[in-house]
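The chain contents come next:
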Amino acid sequence: MTEVSPSIAKEALSLLEWPRLCQHLATFTQTPLGSIAAQHLTPPGTIAVSQTLLAQTQAVESIENSLEPNWHFKGIADLTESLERGSIGGLINGKELLAIASTLAGVRRLRRVIEEREEAVPVLQQLVADVRTFPELEQEIYHCLDEDGKVAERASPKLGEIRLKLKGLREQIQQKLTRLIQRHGNALQETVITQRSDRFVLPVKASHKDHIPGIVHDSSATGNTLYIEPQGIVELGNRLRQTRRQEQTEEERILRQLSDQVVTVLPDIETLLAIATQLDLATARCRYSLWLGGNPCLLYTSPSP
């Protein structure tokens, strides 16, 4: 058999509008990686691969026809960037860790749907048979982080103590500044407490700066207002900044610990993402075919000469 040159194959795909078909298929995907994969598909190289892909599509169709409510891809994210950074020793941030946790949960949900099917879907069961979804890692991430990806106080006793100390310092500063506002309200442009350069300050009229001695951290564009940290709270401000650094150090330690746990199982997560992408593509093929009103194709092998 004569081998087809890459240029001829590319021209044939163009005539068949293969790139356009891939773009259409991508609109039916539900995950970022699925969309990328759909746009860069190449035709199957063998009858065996075609048969497997068709079997996956038909298996998903049976699930879709059963109106299975848990057959969706919510929470499954593109983790490529965060996993690459983690693999070279970088820190995976809180939001990225939440995306990892939601992806683990999302794939576990899909696997459960496949495993609990009364009608056998062996081609999908085989696909997810060795998938590991690490519920312990997922639970640890959710325990240590709040819904915004910020390290929660419950992540460690030390962090809880630091944040309690921060709260006490802020209250002391607020109380002292409130008393100054009450005594020297006429010296202020506004009777408010604000911040400049991570320090608590008061907006003092430039003409009244001697009424509230302290450190000038900023001024208004006109120069009429000086943002002064009163001398009486400078030491508290220093202690607050030092305690914030302690908080940041502890938060980074916890994120590092979680990042290291992710890196430990990195190959398994990459495999999980690849399988999730295959399931997304199978679902997209199923939904695209229903949209087109298509029917399963018949595959034949050429008889040997």
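Look a little higher up for the structure.
Owing to the predicted nature of the structure, the values given are computational and were not obtained by experimental measurement. (Residues numbered from 1 in each chain as written. Predicted model: local features only at pLDDT ≥ 70, side-chain atom pairs only at ≥ 80, totals over all residues. Heavy atoms only, no water.)

**Let's talk about the overall build of the chain**
Heads up, the condition is: Secondary structure elements follow DSSP: runs of H or I of four or more residues count as helices, runs of E of two or more count as strands, with numbering from the N terminus. Values of the radius of gyration come from C-alpha atoms, whereas the globule rule sets the reference at 2.2 Å times the count of residues to the power 0.38. For every residue, the accessible area (1.4 Å probe, protein chains only) is compared with the maximum for its type, and the residue is labelled buried under 20%, exposed over 50%, or partly exposed between those bounds. Throughout, a contact is declared for two residues whenever any of their heavy atoms are within 4.5 Å. The Shrake-Rupley method, run with a 1.4 Å probe sphere, supplies the accessible areas, and residue values consider only the shown protein chains as cover. Positive charge is attributed to Lys and Arg, negative charge to Asp and Glu, and no charge count is given to His or to the chain ends. Charged groups are reduced to one reference atom each: NZ for lysine, CZ for arginine, CG for aspartic acid, CD for glutamic acid.
Scanning the chain for helices and strands turns up 11 helices and 4 strands. Its C-alpha radius of gyration of 30 Å places the chain more than 25% over the 19 Å reference for a compact globule of 305 residues. Seen through its principal axes, the chain has C-alpha atoms that stretch 100 × 45 × 40 Å. Scored against the burial criterion, the 305 residues of the chain give a buried share of 38%. A separation threshold of at least 6 residues defines the contact pool for the chain, and within that pool the share at least 24 residues apart is 66%. Carbon and sulfur atoms make up 52% of the accessible area of the chain, which amounts to about 17800 Å² in all. Taking the average place of the 33 positive charges on the side chains of the chain and the average place of its 38 negative ones, the gap between the two points comes to 11 Å.

**Details of the sheet that holds strand β4 (residues 225-230)**
Going by this rule: Here the rule is simple: two strands pair whenever DSSP picks up at least two bridges between them. Only C-alpha atoms enter the line fits that serve as axes; for helices the fit covers just the stretch in contact. Angles between N-to-C directions range over 0 to 180 degrees.
Strand order in this open sheet of 4 strands is β1-β2-β4-β3, and the pairing throughout is antiparallel. Every other strand in the sheet has two partners, leaving β1 (194-196) and β3 (214-219) as the edge strands with one partner each. Across this sheet, the average inter-strand angle for adjacent strands is 50°, counted without regard to direction. As paired strands, β1 and strand β2 (residues 199-205) are joined by 3 bridges and run antiparallel to one another. Opposite threonine 194, over in β2, you have valine 201 as the bridge partner. Across the sheet, helix α9 (residues 157-183) touches β2 and β4, and the angle it forms with β2 is around 10°.

**Quick look at the nonpolar core**
Test applied: The nonpolar core is taken to be a set of buried Ala, Val, Leu, Ile, Met, Phe, Trp, Tyr and Cys residues, with the residues joined through side-chain atoms within 4.5 Å.
With 47 residues, the main nonpolar core has Trp71, Leu97, Ile100, Leu124, Ile141 and Leu279 as its most contacted residues. Setting aside anything within four residues of it in sequence, one finds leucine 279 in contact with Trp71, Phe73, Leu110, Ile114, Leu124, Leu127 and Val128. Ranked by size, the runner-up nonpolar core spans 17 residues in total, among them Ile181, Val204, Leu236 and Leu240.

**A word on the environment of cysteine 22**
With respect to the helices, strands and loops of the structure, cysteine 22 is situated in helix α2 (residues 18-26). The class of cysteine 22 is buried, set by a relative accessible area of 1%. A C-alpha to C-alpha distance of 47 Å links cysteine 22 and glutamate 250, two positions 228 residues apart in sequence. Residues contacting cysteine 22, with those up to four places away along its chain left out, are Ala38, Gln39 and Leu41.

**Topic: the packing of aromatic side chains**
Definition in use: Two rings belonging to Phe, Tyr or Trp (six-membered ring only in the last case) form a pair when the distance between their centres is within 6.5 Å. Interplanar angles under 30 degrees mark stacking, angles over 60 mark edge-to-face geometry, and anything in between is tilted. A ring is considered to have a charge above it if a Lys NZ or an Arg CZ atom is located within 6 Å of its centre and within 35 degrees of its normal.
On inspection of all chains with the given rule, the structure shows 4 aromatic pairs. Clustering of aromatic rings is evident, with ring pairs tying together Phe28, Tyr288 and Trp291. The lysine or arginine in question, arginine 196, covers the ring of tyrosine 227, its NZ or CZ lying 4.0 Å from the ring centre.

**Some points on helix α4 (residues 47-65)**
Rule in force here: Here the expected length of a helix is defined as 1.5 Å per residue gap, with one fewer gap than residues.
Its 19 residues place the ends of α4 27 Å apart at the C-alpha level, agreeing with the 27 Å of an ideal helix rising 1.5 Å per residue. Regarding α4, the residues found buried are Ser50, Gln56, Thr57, Ala59, Val60, Ile63 and Glu64.

**What to know about the pairing of β3**
Across 5 bridges, the pairing between β3 and β4 is antiparallel. Note on β4: the bridge partner recorded for isoleucine 215 is glutamate 229. Between the end of β3 and the start of β4, which pair antiparallel, lie 5 residues, with glycine 223 showing a positive phi angle near 85°.

**Quick word on the packing of α2 against helix α3 (residues 32-39)**
The following threshold applies: Just so you know how the angles are binned, under 35 degrees is roughly parallel, over 145 roughly antiparallel, 65 to 115 roughly perpendicular, and the rest oblique. Should the near helix be turned anticlockwise from the far one by less than a right angle, the crossing is left-handed, and should it be turned clockwise, the crossing is right-handed. Residue classes follow a fixed rule: Ala, Val, Leu, Ile, Met, Phe, Trp, Tyr, Cys and Pro count as nonpolar, while Asp, Glu, Lys and Arg count as charged, and any other residue, Gly among them, counts as polar.
Relative to each other, α2 and α3 sit at 165°, their axes nearing to 8 Å. By the angle between their axes, α2 is roughly antiparallel relative to α3. As α2 runs across α3, the sense of the crossing is right-handed. Here α2 contributes Cys22, Gln23, Leu25 and Ala26 to the contact with α3, which in turn contributes Ser35, Ala38 and Gln39. Its residues assigned to classes, the contact of α2 with α3 shows 4 nonpolar, 3 polar and no charged.

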